[in-house]
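In case you want the letters, here they are:
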Amino acid sequence: MKAIEIKKLSKKLDTFHIDRINFTVPKGNIVGLIGENGAGKTTTIKLMMDVIERDSGEVLFFGKRLNKDLKEEISVVYDEINFYEKVDVVKINTILKHIFKAWDSTKYFDLIDRFKLPKNKTIGNFSKGMKMKLNIIIGLAHSPKLLILDEPTSGLDPSARMEMLDLFLEFIQNEEHSILLSSHITNDLERIADYIVMMHNGRIILQLNKDELLYRYGIIRCSEKQFQHIPKHVIFAYQISNSIYEVVINNAPEMKEAYPELTIDRITIDDMMSIYIRGEK
Ligand SMILES: Nc1ncnc2c1ncn2[C@@H]1O[C@H](COP(=O)(O)OP(=O)(O)OP(=O)(O)O)[C@@H](O)[C@H]1O
């Protein structure tokens, strides 16, 4: 079962084009959507949720088009909070329990305590990180099956980030829950994501199981002469700095056997993205 299935989703904005993107979020999994600033991650999420009207393509949640009932089962957390400024967390509970059918006040206050958010301050006096935590807590307290998070950890300090990642892992434990999470912090995704979807210039350039990605992809640092021997079809991207070629390849295990003289290092998702963005394809 797929929690999300996106088929040929397209949208032309002024100078930017979301170009026939396809990807899926399998139920019970965490999918990390990564890409540089302006790659189109937020626009994609807004198109999925009908916040922006799409030109073409289809988005299915649990096999169905978005409707009122489905919206109850999906939480979308954007990286901004803008309408709760004058109230405190207690008042938010009072408001939202009347809005969401499945609002869980106990879960909400448990998480408020767990993340040490003050009960006596209005949200306008919260720090950016505190607002971000609150946003995520609200997202979880209306008991969704699917959580969609846009840059959820970017304003958090390292210990809060780790705690939030643990919370996401707890959320998917029952195998009925799924997460789509956009982030620049690829370390976070390496830690928790089951699948990685890479976006660049409004297109999906790669989607793969994370373990397979880290197993299959590798990085070769070599001379130009050695570079000429690397079969072109295994090259994902490369860049040249100070006459050293840094080459991202898509079949490290086979290349290690075929070219034992080459040193093939493990790759990070950061390296992959930055060489793809700055280098040659
Ligand atoms: N309403 C709009 N009208 C015109 N262009 C837009 C609109 N919204 C977004 N864009 C453009 O779409 C592109 C993608 O923006 P988007 O916010 O989706 O990127 P992103 O991957 O989420 O970036 P970031 O990591 O910086 O948040 C940008 O070039 C942006 O200027």
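Residues numbered from 1 in each chain as written. Predicted model: local features only at pLDDT ≥ 70, side-chain atom pairs only at ≥ 80, totals over all residues. Heavy atoms only, no water.

For the protein, an unreviewed UniProt entry supplies the name ABC transporter and the organism Virgibacillus pantothenticus.

Participant: Help me out: how do you make sense of the packing of aromatic side chains in this one?
Facilitator: We describe a pair of aromatic rings using the distance from one ring centre to the other and the angle between the two ring planes. This model, assessed by the stated rule, comprises eight aromatic pairs. Ring geometry for Phe227 versus Tyr238: centroids 4.6 Å apart, planes at 45 degrees, classification tilted. Of this pair, Phe227 sits in helix α9 (residues 224-229) while Tyr238 sits in strand β11 (residues 235-241), and the two are 11 residues apart along the sequence. One exposure class covers both Phe227 and Tyr238, and it is buried. Arranged with centres 5.1 Å apart and planes meeting at 35 degrees, the rings of Phe236 and Tyr276 form a pair that is tilted. One end of the pair, Phe236, is in strand β11; the other, Tyr276, is in helix α11 (residues 269-278), with 40 residues separating them in the sequence. Just as Phe236 is buried, Tyr276 falls in that class too. An aromatic cluster of three or more residues is present, and its members are Phe100, Trp103, Tyr108 and Phe109. Stacked on the ring of Phe62, the Lys or Arg Lys145 has its end atom at 5.0 Å from the ring centre. (Phe/Tyr/Trp six-rings, centres within 6.5 Å; stacked < 30°, edge-to-face > 60°. Helix = DSSP H or I, 4+ residues; strand = E, 2+ residues; numbered from the N terminus. Buried < 20%, exposed > 50% of the residue type's maximum accessible area, 1.4 Å probe, protein only. Lys NZ or Arg CZ within 6 Å of the ring centre and 35° of its normal.)

Participant: So what exactly am I meant to see when it comes to the site of the ligand here?
Facilitator: Taken together, Leu13, Asp14, Phe16, Glu36, Asn37, Gly38, Ala39, Gly40, Lys41, Thr42, Thr43 and His184 make up the full set of residues adjacent to the ligand. Asn37 places a polar side-chain atom, nitrogen or oxygen, 2.8 Å from an oxygen atom of the ligand. Between the ligand and the protein, one listed contact pairs an oxygen atom with a side-chain N or O atom of His184 at 3.0 Å. Residue classes in the shell around the ligand are distributed as three nonpolar, six polar and three charged. (Near = heavy atom within 4 Å. Polar contact = N/O pair within 3.5 Å; in protein donor to acceptor, adjacent residues only side chain to side chain. Nonpolar A, V, L, I, M, F, W, Y, C, P; charged D, E, K, R; others polar.)

Participant: I'm lost on the packing of helix α3 (residues 89-99) against helix α4 (residues 105-114) in this one. Help?
Facilitator: When two helices pack together, you describe them by how their axes are tilted relative to each other and by the distance separating the axes. Where α3 contacts α4, the two axes come as close as 11 Å, and the packing angle between them is 155 degrees. Considering their axes alone, α3 and α4 lie roughly antiparallel with respect to each other. Considering only the axes of α3 and α4, their crossing is right-handed. Facing α3, whose interface residues are Val89, Val90, Ile92, Asn93 and Lys97, α4 presents Ser105, Tyr108, Phe109 and Ile112. Here the residues of the contact of α3 with α4 sort into six nonpolar, two polar and one charged. (Axes fitted to C-alpha atoms, helices over the stretch in contact; angles between N-to-C directions. Parallel < 35°, antiparallel > 145°, perpendicular 65-115°, else oblique. Left-handed = near helix turned anticlockwise from the far one by under 90°. Contact = heavy atoms within 4.5 Å.)

Participant: Please explain the side chain of Thr43 as it appears in this structure.
Facilitator: Checked against the element boundaries, Thr43 lands in helix α1 (residues 41-48). When sequence neighbours within four positions are dropped, the list of residues in contact with Thr43 reads Leu13, Ile18 and Ile52.

Participant: Can you walk me through the sheet that holds strand β9 (residues 203-209) in this structure?
Facilitator: Backbone hydrogen bonds hold the strands of a sheet together, and the pairing may be parallel or antiparallel. Read from one edge to the other, the open sheet built from six strands follows the order β5-β6-β7-β3-β8-β9, with strand pairing classed as mixed. A strand with exactly one partner marks an edge of an open sheet, and here the two such strands are β5 (74-77) and β9. With direction set aside, neighbouring strand axes in the sheet form an average angle of 15 degrees. With six bridges connecting them, strand β8 (residues 195-200) and β9 associate as antiparallel partners. Following the sheet pairing, Tyr195 is matched in β9 by Asn209. Sitting on the sheet, helix α5 (residues 128-141) is in contact with β5 and β6 (146-150), with an inclination near 170 degrees to β5. Here α11 sits on the sheet and contacts β3 (30-34), β8 and β9; the angle it forms with β8, its principal contact strand, is near 20 degrees. (Pairing = 2+ DSSP bridges.)

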